[in-house]
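Analysis of the macromolecular model
What follows is each chain in one-letter form.
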Amino acid sequence: MATQTFLSPAIRTPPNKSPHTNLNKMAAPRTEAGGKPPSQTKPELTAIPQTNFAIGLLVTCCFNLPFGLLALYFSLRAAAAYRDGQNERGAIRAKVSIFLSLMGIMLTMILVSSYVVYIAVHKHSNRGQRRPNASALGF
């Protein structure tokens, strides 16, 4: 009957290893047939989906600077997330970028059209009324 020794799991060595092996030695790299080292796999570069950078740039230059800059920021963060392999985070940031771009365009259009309507109505309402001058008041 074989005797069993009870050692803690940290001290126990596998049956095919000798406890006197030198752990400081580095294992030699495996070679393919012909003595060449194995070819390294290069990471695949996938195409980055649309991050709405051009729309953010258009909004920044032509419509609304604050909303456009925010849209550009989120567009660049989306591209970085896609590059790092975080597709879900990249998609969310791309949606935020397009939302900010569209909000910038709409806000600018509303402000400009409101100003034009205000000027047109205010000018039209003053045209029909005559302002009294000093001679009409008796001065």
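Residues numbered from 1 in each chain as written. Predicted model: local features only at pLDDT ≥ 70, side-chain atom pairs only at ≥ 80, totals over all residues. Heavy atoms only, no water.

It is worth spelling out the packing of aromatic side chains at this point. Within the structure shown, the criterion is met by 1 aromatic pair. Residues Tyr73 and Phe74 carry aromatic rings whose centres are separated by 5.4 Å and whose planes lie at 80° to one another, so their mutual orientation is edge-to-face. Taking the relative accessible area as the measure of exposure, Phe74 reaches 24% and is therefore partly exposed. (Phe/Tyr/Trp six-rings, centres within 6.5 Å; stacked < 30°, edge-to-face > 60°. Buried < 20%, exposed > 50% of the residue type's maximum accessible area, 1.4 Å probe, protein only.)

Okay, the environment of Leu70 next. If you trace the backbone, Leu70 turns up in helix α2 (residues 65–83). When its relative accessible area of 42% is taken as the criterion, Leu70 is described as partly exposed. Sequence-wise, Leu70 and Leu100 are 30 residues apart; in three dimensions their C-alpha atoms are separated by 7.1 Å. (Helix = DSSP H or I, 4+ residues; strand = E, 2+ residues; numbered from the N terminus.)

Per the stated rule, a full pass over the model turns up 1 salt bridge. Note that Arg83 is salt-bridged to Asp84, the shortest N-O span being 3.5 Å. Take Arg83: its relative accessible area is 60%, and that puts it in the exposed class. (Salt bridge = Lys/Arg side-chain N within 4 Å of Asp/Glu carboxyl O.)

It is at 7 Å that the axes of helix α1 (residues 53–63) and α2 come closest, and there the two elements cross at 160°. By the angle between their axes, α1 is roughly antiparallel relative to α2. In this structure, α1 meets α2 at a crossing whose hand is left-handed. Listed contacts from α2 to Phe53, Gly56, Leu57, Val59, Thr60 and Phe63 of α1 are Leu65, Phe67, Gly68, Leu69, Ala71, Leu72, Ser75 and Leu76. Of the residues contributing to the contact of α1 with α2, the split by class is 10 nonpolar, 4 polar and no charged. (Axes fitted to C-alpha atoms, helices over the stretch in contact; angles between N-to-C directions. Parallel < 35°, antiparallel > 145°, perpendicular 65-115°, else oblique. Left-handed = near helix turned anticlockwise from the far one by under 90°. Contact = heavy atoms within 4.5 Å. Nonpolar A, V, L, I, M, F, W, Y, C, P; charged D, E, K, R; others polar.)

With that out of the way, let us pick up α2. End to end, α2 covers 27 Å across 19 residues, agreeing with the expected 27 Å (1.5 Å per residue, within 8%). Those residues of α2 that sit buried are Gly68, Ala71, Leu72, Ser75, Ala78, Ala80, Ala81 and Tyr82. Note on α2: the residue one or two positions beyond its end, Gly85, has a positive phi of about 90°. (Expected span 1.5 Å × (residues − 1).)

Let's shift gears to unusual backbone geometry. Phi is positive for Asn52, which is not a glycine, with a value near 65°. Within the element layout of this structure, Asn52 appears in the segment before α1. Under the relative-accessibility criterion, Asn52 is labelled buried at 11%.

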